[in-house]
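Remarks on the overall topology
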Amino acid sequence: MCVAIPALGLTKLTGGLFLGSLGLNLATGLAGRSAAQSAANQTYQSSLIANRSAEQAFAAQQEALAAQLKETRASQAQEKQAATIRGLQARGAVKASGRAGLTVDLLLADQERQTANFRESINQALESASRQYGRNVDGLTAQRDDRRNQLTSNINQAYNQIPSLGSVLLNVATQGLSTYGQLLPS
């Protein structure tokens, strides 16, 4: 090293300053790179935790929607059964009235139609609830995917902030040349 300093046209003092400057620049660059790597690793770890939380929230919300749909189906089934019972009771009341003929047949047909219409409206409400369940699950999936994508983006940004070893060395060399130019006697 001591042989290189006079070859660069520097005195021992300025050569020592030059080498010290290079060493400091290299240490600063490597420390910055290490700090960026550490920050990226922390971002990655916190993103893993956030992703687990998003998955748990998704599962809990989906489970709640499924339970709600199950309750709706059970309630609709009870309503259908009650409508069937009311229809049978009404038919029994018409038959028990002791009337006969076309009027009774019309009353029975009307009662059957009303019961069928009510049961069909219950079926349509149940189909609507099932479709809404699917839309709600799709919305939850989109929210979860959006969270995942944001976490992935955060991780990528953190790792993109890490300077490469080549860029650190190139920066040290550039600063060294600048310092060398300033230290040369005019």
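Assigned secondary structure in the protein chain consists of four helices and zero strands. Shown N-terminal to C-terminal, the secondary structure of the protein chain runs as helices and strands in the order α-α-α-α. Taking 2.2 N^0.38 as the reference for a compact globule, 186 residues should give roughly 16 Å; the C-alpha atoms of the protein chain span a radius of gyration of 40 Å, well beyond that estimate. Each of the three principal axes of the protein chain carries a C-alpha extent, and together these read 130 × 25 × 15 Å. Across the 186 residues that make up the protein chain, the buried fraction comes to 19%. Contacts in the protein chain between residues at least 24 apart in sequence constitute 83% of all its contacts with a sequence separation of at least 6. Total accessible area on the protein chain stands at roughly 12,600 Å², and carbon and sulfur atoms take up 57% of it.

Our next topic: helix α4 (residues 165-183). Its 19 residues give α4 an end-to-end C-alpha distance of 27 Å, which sits within 8% of 27 Å, the value for a rise of 1.5 Å per residue. Within the span of α4, buried status applies to Val168, Val172, Gly176 and Thr179. Viewed along the axis of α4, the buried residues span an arc of 70°, placing them on a single side of the element. Among the exposed residues of α4, those oriented more than 90 degrees off its buried face are Leu170 and Leu177.

Turning next to the packing of aromatic side chains. This structure, assessed with the given rule, holds zero aromatic pairs. A cation sits over an aromatic face here: Arg144 above Phe58, 4.4 Å from the ring centre.

Looking now at the confidence of the model for the protein chain. Looking at the protein chain, the pLDDT average stands at 86 and 92% of residues meet or exceed 70. At the level of individual helices and strands, the protein chain shows its lowest average pLDDT in helix α1 (residues 4-7), which scores 54, and its highest in helix α3 (residues 102-160), which scores 90.

Before going further, it helps to examine the side chain of Arg144. Within the secondary structure layout, Arg144 lies in helix α3. With a relative accessible area of 14%, Arg144 lands in the buried category. Sequence-distant contacts of Arg144, defined by excluding residues within four places in its chain, comprise Ala54, Glu55 and Phe58.

Here is what the cut-offs are and how they apply
Residues numbered from 1 in each chain as written. Predicted model: local features only at pLDDT ≥ 70, side-chain atom pairs only at ≥ 80, totals over all residues. Heavy atoms only, no water. Helix = DSSP H or I, 4+ residues; strand = E, 2+ residues; numbered from the N terminus. Rg over C-alpha atoms; globule rule 2.2 N^0.38 Å. Buried < 20%, exposed > 50% of the residue type's maximum accessible area, 1.4 Å probe, protein only. Contact = heavy atoms within 4.5 Å. Areas by Shrake-Rupley, 256 points an atom, 1.4 Å probe, with all protein chains shown as cover. Expected span 1.5 Å × (residues − 1). Arc of directions from axis to C-beta. Phe/Tyr/Trp six-rings, centres within 6.5 Å; stacked < 30°, edge-to-face > 60°. Lys NZ or Arg CZ within 6 Å of the ring centre and 35° of its normal. pLDDT = per-residue confidence, 0-100.

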